[in-house]
Amino acid sequence: MRVAWAACPPLLTAHRPRHVMSCVELALDAVPGGLVTQDHLVAGHTFRLTRPRDPDRLLDLPGVHEANRRDGYMPYWGYLWPAGQLLAETVLTLPLPPGEEVLELGCGVGLVGLAALAAGRRVVFSDHDPTALELAAHNARQNGFEQFETLRLDWREPLSRRFPLVLGADLLYEARNHGPLTQLLDSTLEPGGVAWFSDPDRQVSREFVRTIEPRFVCRRRRLLSGEGGKTAGCDLYVIERA
């Protein structure tokens, strides 16, 4: 299948980080192994989703090892993680907090943000990898959505824009990210705002709860999905200011 790429919407210019995390940038038509476009079912909604056909091949790109050595970079954006599927289902099945705008952290191919768009919200897709942002924008457009923006974001930099809802799937897998994520939530959550983070029940992720206290209150609940004939589960962390 040949895909016609629309131009990615301009990156937000109000946020100019002093330091942008190292990554390996490439054009979408240069993704190793190519791209595949398929229908993806989420809580009764069908999304047309384009993603790398073989995301493991991103790990072999020239420059990945050096970027990993400098900044811990890994091109995880190309994978559809189970925690992302369950968070997307949650966005479409549970009542969302009040407010119009949503910030998705580590958007990857944009599945969670697509769910928020389908729920009627305006979405800011954010990622440190511009290739991910371009693909998330393409996926939003091919599903008929226009109420979105893209933002290249380093979690170590404060953001001078606040949101009523912040979403993130499978972000807590490294303890070194817990401090930056806590600072980022402090700068991005509106008063009364809430963050929903999904996670596949890693022990290191539970340590995140201790990191964010006492500035935030965190409640954990179990999410289960039976879509596709398989039962899957993950944890949902609901985070609010203390």
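Here's a quick rundown of the structure. (Residues numbered from 1 in each chain as written. Predicted model: local features only at pLDDT ≥ 70, side-chain atom pairs only at ≥ 80, totals over all residues. Heavy atoms only, no water.)

## Section: the pairing of strand S1 (residues 35-42)
- Bridge count for S1 against strand S2 (residues 45-52) is eight bridges, and the pairing is antiparallel. Bridged to Leu41 within S2 is Thr46.
- Between S1 and S2, which follow one another and run antiparallel, lie two residues, and Ala43 among them has a positive phi close to 50 degrees. (Pairing = 2+ DSSP bridges. Helix = DSSP H or I, 4+ residues; strand = E, 2+ residues; numbered from the N terminus.)

## Quick word on the pattern of salt bridges
- Per the stated rule, a full pass over the model turns up 16 salt bridges.
- In this structure, the salt-bridge partner of Glu174 is Arg176, at a minimum N-O distance of 2.5 Å.
- Classification of Arg176 by relative accessible area gives partly exposed; the value is 45%.
- For the salt bridge of Asp186 with Arg215, the shortest nitrogen-to-oxygen distance reads 3.4 Å. Placement of Asp186 in helix H5 (residues 178-188) and of Arg215 in the loop between helix H6 (203-212) and strand S8 (216-225) is noted, with a sequence separation of 29 residues between them.
- For Arg215, a relative accessible area of 36% puts it in the partly exposed group.
- Sharing partners across several salt bridges, the network here consists of Glu101, Arg122, Glu149 and Arg161. (Salt bridge = Lys/Arg side-chain N within 4 Å of Asp/Glu carboxyl O. Buried < 20%, exposed > 50% of the residue type's maximum accessible area, 1.4 Å probe, protein only.)

## A look at a nonpolar patch on the surface
- A cluster of nonpolar residues, Tyr76, Trp81 and Tyr173, forms a patch on the protein surface that exposes about 260 Å² of accessible area.
- Residue placement: Tyr173 occurs in the loop between strand S6 (163-169) and H5. (Patch = residues over 30% accessible without salt bridge, like charges linked within 9 Å, V, L, I, M, F, W, Y side chains within 5 Å. Areas by Shrake-Rupley, 256 points an atom, 1.4 Å probe, with all protein chains shown as cover.)

## Considering the pairing of strand S5 (residues 148-152)
- With four of five residues buried, S5 lies mostly within the body of the structure.
- Note: strand S4 (residues 122-127) against S5, five bridges, orientation parallel. For Ser126, the partnering residue across the bridge sits in S5 and is Leu151.
- Crossover connection from S4 via helix H4 (residues 130-142) to parallel S5: handedness right-handed. (Right-handed = clockwise from strand over helix to strand, strands pointing away.)

## Observations concerning the layout of surface pockets
- Size it by volume and the largest pocket reaches roughly 760 Å³.
- Around the largest pocket, the lining comprises 39 residues; the ones closest to its centre are Tyr76, Gly106, Trp155, Leu171 and Tyr173.
- Secondary-structure elements contributing two or more residues to the lining of the largest pocket are helix H2 (82-93), strand S3 (101-105), helix H3 (111-118) and S4.
- Here the lining of the largest pocket is composed, by residue class, of 20 nonpolar, nine polar and ten charged. (1 Å grid on protein atoms, 1.4 Å probe; cavity = no way out; pocket = protein on both sides within 12 Å on 5 of 7 lines; lining within 4 Å. Points joined across faces, edges and corners; volume = space filled by probe spheres on them. Nonpolar A, V, L, I, M, F, W, Y, C, P; charged D, E, K, R; others polar.)

## Structural notes on the packing of H5 against H6
- Orientation of H5 relative to H6, taken along the N-to-C sense of each, is 50 degrees, at an axis distance of 10 Å. With respect to each other, H5 and H6 are oriented oblique. The handedness of the crossing between H5 and H6 comes out as right-handed. In contact with His178, Gly179, Leu181, Thr182 and Leu185 of H5, H6 contributes Val204, Glu207, Phe208, Thr211 and Ile212.
- Classifying every residue of the contact of H5 with H6 by side-chain character gives five nonpolar, four polar and one charged. (Axes fitted to C-alpha atoms, helices over the stretch in contact; angles between N-to-C directions. Parallel < 35°, antiparallel > 145°, perpendicular 65-115°, else oblique. Left-handed = near helix turned anticlockwise from the far one by under 90°. Contact = heavy atoms within 4.5 Å.)

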